[in-house]
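Residue-level structural notes
So the chains spell out like this:
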Amino acid sequence: MTRTASPTRRGRPPRTPRDDPDTRAALIRSGTEVLTEQGFAVSGIDGILKRVGVPKGSFYYYFSSKEAFGRAVMEHYGQYFARKLDRHLTNPELTPLRRIEAFVADARAGMARHDFRRGCLVGNLGQEVGGLSDDYRQWLRDTLADWQQRLARCLREAQDAGELSPRADCTRLAEAFWIGWEGAVMRARLEADAWPLDAFVTQFLAGLPR
C-alpha cells in the first residue's frame, strides 16, 4: 500500500520551537550587533528580527519584553568581553604591559573591520543613561567594576615583574584606563579612524609610574 504524507505536514513550513536555543542565540547576537552600533533607545526590534529572519510575533516566544531582551544582550556582551580581556590580560607569553597593548590592538582591528560603526555596548548605554532603568544602570556599574578588577590584576603582575613601580595604585590606574578608554572608543567612531585608541594607550602607558 502506498503511504501518503501526513495532512498535518503537507504544504506547511517547518515551525521554530519556542525553546529553540539556536534562534534565541541568533537574536541575541543580532541584538548585540545593533546595540553596539546604535544604542538601546533608538534600536528597533524589527531590524533585529529582520537580520535573523524571525517574525515579530515569535520574538515574544523568547523574550517577554524589549527590556528582557536588552538584559540578555548585555549578559551576552559582558561574557564575551570578559573572555576577550582574559585572553589578552592573562596571556603568559607576553609581559603584563604588553598584554594591554595586545588588547588595544585587538580592539583596533575589530573596530576597523566594521568600519568604525560599532563601539562598546557599555559606552553606548552609558551615553543614554538618563533613560535607562535602574537594573541597566547597575549592570553598567558592575560590568565596569569587573573590567577594572581584571585590569588591576594585570597591573599588579606588572609590579611583580618590575614593569611598574611598587608604589603604583593599580586599582586607581585601572579605573582611569576604562574612563579614558570609553572616550577613546567614542572618538575613534567619530573620526572613523584608530588614532584615538593609539593616542590613548600610548599616553596611558607613558604615564605609568615606573
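Structure report, in brief.

Moving on: the side chain of His88. Looking at where His88 falls in the secondary structure, it is placed in helix α4 (residues 66-89). Classification of His88 by relative accessible area gives buried; the value is 13%. When residues no more than four places from it in sequence are discounted, the contact partners of His88 are Arg99, Ala102, Phe103 and Asp106.

The volume enclosed by the largest pocket comes to roughly 520 Å³. Taken together, 20 residues form the lining of the largest pocket, with Tyr77, Tyr80, Lys84, Arg118 and Gly119 sitting closest to its centre. Secondary structure elements with two or more residues in the lining of the largest pocket: α1 (21-38), α4, α5 (96-113) and α8 (170-191). Broken down by class, the residue content of the lining of the largest pocket amounts to eight nonpolar, six polar and six charged.

Moving on, we come to the packing of helix α7 (residues 134-160) against α8. Put simply, α7 and α8 touch, their axes get as near as 8 Å, and they point 125° apart. One element, α7, and the other, α8, form an angle in the oblique class. Relative to α8, the crossing made by α7 is right-handed. Only Cys170, Thr171, Leu173, Ala174, Glu175, Phe177, Trp178 and Glu182 of α8 make contact with α7, whose side of the interface consists of Trp147, Gln148, Leu151, Ala152, Leu155, Arg156 and Gln159.

Turning our attention to the pattern of salt bridges. Counted under the stated rule, the structure contains 15 salt bridges. Where Glu33 meets Arg118, a salt bridge forms, and the shortest distance between an N and an O atom there is 4.0 Å. On the criterion of sequence distance, the pair formed by Glu33 in helix α1 and Arg118 in the loop between α5 and α6 (121-126) is long-range, its members being 85 residues apart. What makes Glu33 partly exposed here is its relative accessible area of 29%. Residue Asp115 is joined to Arg117 by a salt bridge in which the shortest nitrogen-to-oxygen separation is 3.3 Å.

Tracing the sequence through the fold places Gln138 in helix α7. By relative accessible area, Gln138 is classed as partly exposed at 36%. At 3.2 Å, the side chain of Gln138 and the side chain of Arg141 are in polar contact.

To continue, consider helix α9 (residues 195-206). Compared with an ideal rise of 1.5 Å per residue, which puts 12 residues at 16 Å, α9 spans 16 Å between its outermost C-alpha atoms and is within 8% of the ideal. The complete set of buried residues in α9 reads Pro196, Leu197, Phe200, Val201, Phe204 and Leu205. All buried residues of α9 project into a common sector of 150° when viewed along the axis, lining one side. Exposed side of α9, more than 90 degrees from the buried face: Thr202, Gln203 and Ala206 are the residues found there.

A few words now on the packing of aromatic side chains. Overall, the coordinates contain 18 aromatic pairs when judged by the stated rule. On the numbers, 5.1 Å between centres and 75° between planes, the contact of Phe177 with Phe204 is edge-to-face. On the criterion of sequence distance, the pair formed by Phe177 in helix α8 and Phe204 in helix α9 is long-range, its members being 27 residues apart. By relative accessible area, Phe204 is classed as buried at 10%. Here the aromatic cluster, defined as three or more aromatic residues joined through ring pairs, consists of Tyr77, Tyr80, Phe81, Phe103, Trp147, Phe177, Trp178, Trp181, Phe200 and Phe204.

Once that is clear, we can look at the packing of α4 against α5. Interaxial distance between α4 and α5 falls to 8 Å at its minimum, and their mutual angle equals 135°. One element, α4, and the other, α5, form an angle in the oblique class. Crossing handedness for the pair α4 and α5: right-handed. Contacts from Phe81, Lys84, Leu85, Arg87, His88 and Leu89 in α4 reach Arg99, Ile100, Ala102, Phe103 and Asp106 in α5. Looking at the contact of α4 with α5 residue by residue, the class counts come to six nonpolar, one polar and four charged.

Analysis parameters
- Residue positions within a chain follow its written sequence, with the count starting from 1.
- This being a predicted model, a pLDDT of at least 70 is required before a residue's local features are given, and a value of 80 or more before pairs of side-chain atoms are given or counted; all residues contribute to the totals for chains, interfaces and linings.
- To obtain the side-chain values, all non-hydrogen atoms of the structure were included, while hydrogens and water were left out.
- Segments assigned H or I by DSSP are reported as helices when at least four residues long, segments assigned E as strands when at least two residues long, and all are numbered from the N terminus.
- Remark: exposure states derive from per-residue accessible area (1.4 Å probe, protein chains only) relative to the maximum for the residue type, with buried under 20%, exposed over 50%, and partly exposed in between.
- Between two residues, a contact is recorded if the distance between any of their heavy atoms is within 4.5 Å.
- A pocket here means an open set of points on a 1 Å grid, computed over the protein atoms alone, that has protein on both sides within 12 Å along at least five of seven lines. A cavity is instead a set of points where a 1.4 Å probe fits but cannot get out; residues with an atom within 4 Å of a point line either one.
- Grid points are joined across faces, edges and corners, and a volume is the space filled by probe spheres set on the points.
- Under the grouping applied here, Gly and all other residues not named as nonpolar or charged are polar, the nonpolar ones being Ala, Val, Leu, Ile, Met, Phe, Trp, Tyr, Cys and Pro and the charged ones Asp, Glu, Lys and Arg.
- Fitted lines through C-alpha atoms give the axes, limited to the stretch in contact for helices. The angle between two N-to-C directions lies from 0 to 180 degrees.
- Roughly parallel means an angle under 35 degrees; roughly antiparallel, over 145; roughly perpendicular, 65 to 115; everything else is oblique.
- Helix crossings get a hand from a simple test, with the near helix turned counterclockwise from the far one by less than a right angle marking a left-handed crossing and a clockwise turn marking a right-handed one.
- For salt bridges, the criterion is a side-chain nitrogen of Lys or Arg within 4 Å of an Asp or Glu carboxyl oxygen.
- Residues adjacent in sequence count toward polar contacts only when both atoms are side-chain atoms; beyond that, a polar contact is any pair of N or O atoms within 3.5 Å, and within protein one must be able to donate a hydrogen and the other to accept it.
- What a helix should span is 1.5 Å times the count of its residues minus one.
- The arc in question is traced by the directions running from the helix axis to the C-beta atoms.
- Centres within 6.5 Å make a pair out of two Phe, Tyr or Trp rings, where for Trp the six-membered ring is used; the pair is then stacked when the planes are under 30 degrees apart, edge-to-face when over 60, and tilted otherwise.

These figures capture arrangement, not role.
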